[in-house]
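Each chain, written out:
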Amino acid sequence: MNYNILRYVLAVAEEKNFTRAAKKLYISQPSLSQIIKSEEEKLGFLLFDRNTSPIELTDGGREYILWAQNILSIREKMNRRLQCFSSNKAPVIRLGILPECSTFILASPLKLFLEKNPDAFVQINELSSNDLHASLENGELDFIIGLTHTDTYKYCNEPLYNENIVVATSSQYPLIDEITREIDLAQLSNTPFVTMNKNQFLFNLTHDLCNRNGFVPKTVVECYNLETAISMVQFGVGVSLMPDLICNIMGGLDYFQIKDETPKSQISIVYAKDICLDNSSQQLINLIKNNINENAVNMNK
């Protein structure tokens, strides 16, 4: 079976245009058209309706795409499993992580890992929670560090820590009730907020909690990286909802529990059960877990 042909058909189906697909595949448009035409002649039916603009899949083409995707996915999984038995190939690890976790979780373990595996290559993909799970599902990542996956039939979750979500502030926005260390979120209805970008877990949680308390957060800055958000809070740009674990690690922040709310999240290492993680991936995972156990505070409450 020629797997390239499957990829060519998939590319045309995605782009709905032969010229764009050819550029994506780094081949000439006439060559791509001829390859698709030859495949259609072998099959005995057209894969694409070329009379529409953009071109569309025929009924037979849609069925072909389903099988092509399954075949390529199975081949990728087979290759990944067989790599577990290879000792000659330099380790390549594709991991995904929530942007708010990367700075605080990966640096120390990666340094130790690369000292032990100088030929290894680690690709870090910072993605939203939904995108992490989708990339794991598509086989684009070996494992992820993010919210625990709800599908425990298909995925393994190795919990790293539980975190409480708190209101982080600086001396420029002093919050009351130093005794109970709690804040009524409604008191912050007119206070500037520093939030994470849309579709990130903390963005959604901040808006959900504020809405439940009768207001929309007055967002003055949106950040992609939690380290940036922390700097903004430290300099008094606004307050922010963030994990207490991060507040403790970073220092320089004052934080309060949210009155009558106990928002928590669990961060786990997640990987598919039908994928064999190689020794290098397992080694990195163990280093990450050891780092969390040694340095994290307020975990697993």
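See the structure shown above.
Rules used in this analysis
Residues numbered from 1 in each chain as written. Predicted model: local features only at pLDDT ≥ 70, side-chain atom pairs only at ≥ 80, totals over all residues. Heavy atoms only, no water. Helix = DSSP H or I, 4+ residues; strand = E, 2+ residues; numbered from the N terminus. Rg over C-alpha atoms; globule rule 2.2 N^0.38 Å. Contact = heavy atoms within 4.5 Å. Areas by Shrake-Rupley, 256 points an atom, 1.4 Å probe, with all protein chains shown as cover. Lys, Arg positive; Asp, Glu negative; His and termini not counted. Charge placed at Lys NZ, Arg CZ, Asp CG, Glu CD. Buried < 20%, exposed > 50% of the residue type's maximum accessible area, 1.4 Å probe, protein only. Pairing = 2+ DSSP bridges. Salt bridge = Lys/Arg side-chain N within 4 Å of Asp/Glu carboxyl O. Polar contact = N/O pair within 3.5 Å; in protein donor to acceptor, adjacent residues only side chain to side chain. Core = buried A, V, L, I, M, F, W, Y, C linked by side-chain atoms within 4.5 Å. Phe/Tyr/Trp six-rings, centres within 6.5 Å; stacked < 30°, edge-to-face > 60°. 1 Å grid on protein atoms, 1.4 Å probe; cavity = no way out; pocket = protein on both sides within 12 Å on 5 of 7 lines; lining within 4 Å. Points joined across faces, edges and corners; volume = space filled by probe spheres on them. Nonpolar A, V, L, I, M, F, W, Y, C, P; charged D, E, K, R; others polar. Axes fitted to C-alpha atoms, helices over the stretch in contact; angles between N-to-C directions. Parallel < 35°, antiparallel > 145°, perpendicular 65-115°, else oblique.

## Side note on the overall build of the protein chain
Step number 1: When helices and strands are counted, the protein chain shows 11 helices and 12 strands.
Step number 2: Expected size for 301 residues packed as a compact globule is a radius of gyration near 19 Å; at 24 Å, the protein chain overshoots this value by more than 25%.
Step number 3: Overall, the protein chain is about 80 × 50 × 35 Å in size when its C-alpha atoms are taken along their principal axes.
Step number 4: Considering only residue pairs separated by 6 or more positions, the protein chain has 72% of its internal contacts joining residues 24 or more positions apart.
Step number 5: When the accessible surface of the protein chain is summed, it comes to about 15,800 Å², and 50% of that surface belongs to carbon and sulfur atoms.
Step number 6: Side-chain charges of the protein chain comprise 27 positive and 35 negative groups, with the mean position of each set lying 6 Å from the other.

## Some details on the pairing of strand E12 (residues 264–272)
Step number 1: Of all nine residues that make up E12, seven are buried, and the element is covered over most of its length.
Step number 2: Bridging between strand E6 (residues 155–169) and E12 involves nine bridges; their strand directions are antiparallel. The residue bridging Asn157 from the neighbouring strand is Val270, located in E12.

## Notes on the pattern of salt bridges
Step number 1: Under the definition given, this model contains 12 salt bridges.
Step number 2: With a closest N to O distance of 2.9 Å, Asp142 and Arg94 form a salt bridge. With Asp142 in the loop between helix H7 (129–137) and strand E5 (143–147) and Arg94 in strand E3 (residues 92–97), the pair connects residues that are 48 residues apart, well separated along the chain. The burial state of Asp142 is the same as that of Arg94; both residues are buried.
Step number 3: A salt bridge links Lys111 to Glu115, with the shortest nitrogen-to-oxygen separation between them at 2.6 Å. Linking Lys111 with Glu115, this pair stays in helix H6 (residues 107–116), spanning four residues, or about one helical turn.
Step number 4: Judged by its relative accessible area of 55%, Lys111 falls in the exposed class.
Step number 5: Shared partners join several salt bridges into a network, and the residues in it are Glu14, Glu15, Arg20 and Lys24.

## Side note on the side chain of Glu158
Step number 1: For Glu158, the position within the fold is in strand E6.
Step number 2: The exposure class assigned to Glu158 is buried, which follows from its relative accessible area of 18%.
Step number 3: Within the structure, the side chain of Glu158 is placed 2.7 Å from the side chain of Tyr271, a separation counted as a polar contact.
Step number 4: In terms of polar contacts, Glu158 uses its side chain to reach the side chain of Lys289, at 2.7 Å.
Step number 5: Ignoring sequence-local partners within four residues, the contact set of Glu158 consists of Ser268, Ile269, Tyr271, Ile285 and Lys289.

## A few points about the nonpolar core
Step number 1: One finds Ile105, Phe143, Ile145, Leu185, Leu226 and Ile288 to be the most contacted residues of the largest nonpolar core, which totals 65 residues.
Step number 2: Beyond its immediate stretch of four places on either side in the chain, Phe143 contacts Ile93, Arg94, Leu95, Gly96, Leu136, Ile269, Val270, Tyr271, Ser281, Leu284, Ile285 and Ile288.
Step number 3: Core analysis: the next-biggest nonpolar cluster, separate from the first, contains 20 residues, Ile5, Val12, Phe18 and Ile65 among them.

## Notes on the packing of aromatic side chains
Step number 1: The full count for this structure, using the stated rule, is two aromatic pairs.
Step number 2: Residues Phe18 and Phe48 carry aromatic rings whose centres are separated by 6.1 Å and whose planes lie at 70° to one another, so their mutual orientation is edge-to-face. With a gap of 30 residues between them, Phe18 in helix H2 (residues 18–25) and Phe48 in strand E1 (residues 48–49) connect regions that are remote in the sequence. In this structure, Phe18 and Phe48 share a single accessibility class: buried.
Step number 3: Their ring planes at 45° and their centres at 6.4 Å tell us that Phe193 and Phe215 sit as a pair that is tilted. Highlighted residues: Phe193 in strand E8 (residues 192–196) and Phe215 in the loop between helix H8 (201–212) and strand E9 (218–223), separated in sequence by 22 residues. The pair Phe193 / Phe215 is uniform in exposure class, with both members buried.

## Some details on the layout of surface pockets
Step number 1: Approximately 900 Å³ is the volume attributed to the largest pocket.
Step number 2: Lining the largest pocket are 32 residues, with Leu72, Ser73, Glu76, Asn138 and Gly139 sitting closest to its centre.
Step number 3: Those elements giving two or more residues to the lining of the largest pocket turn out to be helix H1 (3–15), H2, helix H4 (59–83), H7 and E12.
Step number 4: With nine residues, the single largest contributor to the lining of the largest pocket is H4.
Step number 5: Within the lining of the largest pocket, the residues separate by chemical class into 13 nonpolar, five polar and 14 charged.

## Observations concerning the packing of H2 against helix H3 (residues 29–43)
Step number 1: For the pair H2 and H3, the least separation of the axes is 9 Å and the interaxial angle reads 105°. Accordingly, the angle class assigned to the pair H2 and H3 is roughly perpendicular. Taking contact as the criterion, the partners of Phe18, Thr19, Ala21, Ala22 and Leu25 in H2 are, on H3, Gln29, Leu32, Ser33 and Ile36.
Step number 2: Residue composition of the contact of H2 with H3, by class: six nonpolar, three polar and no charged.

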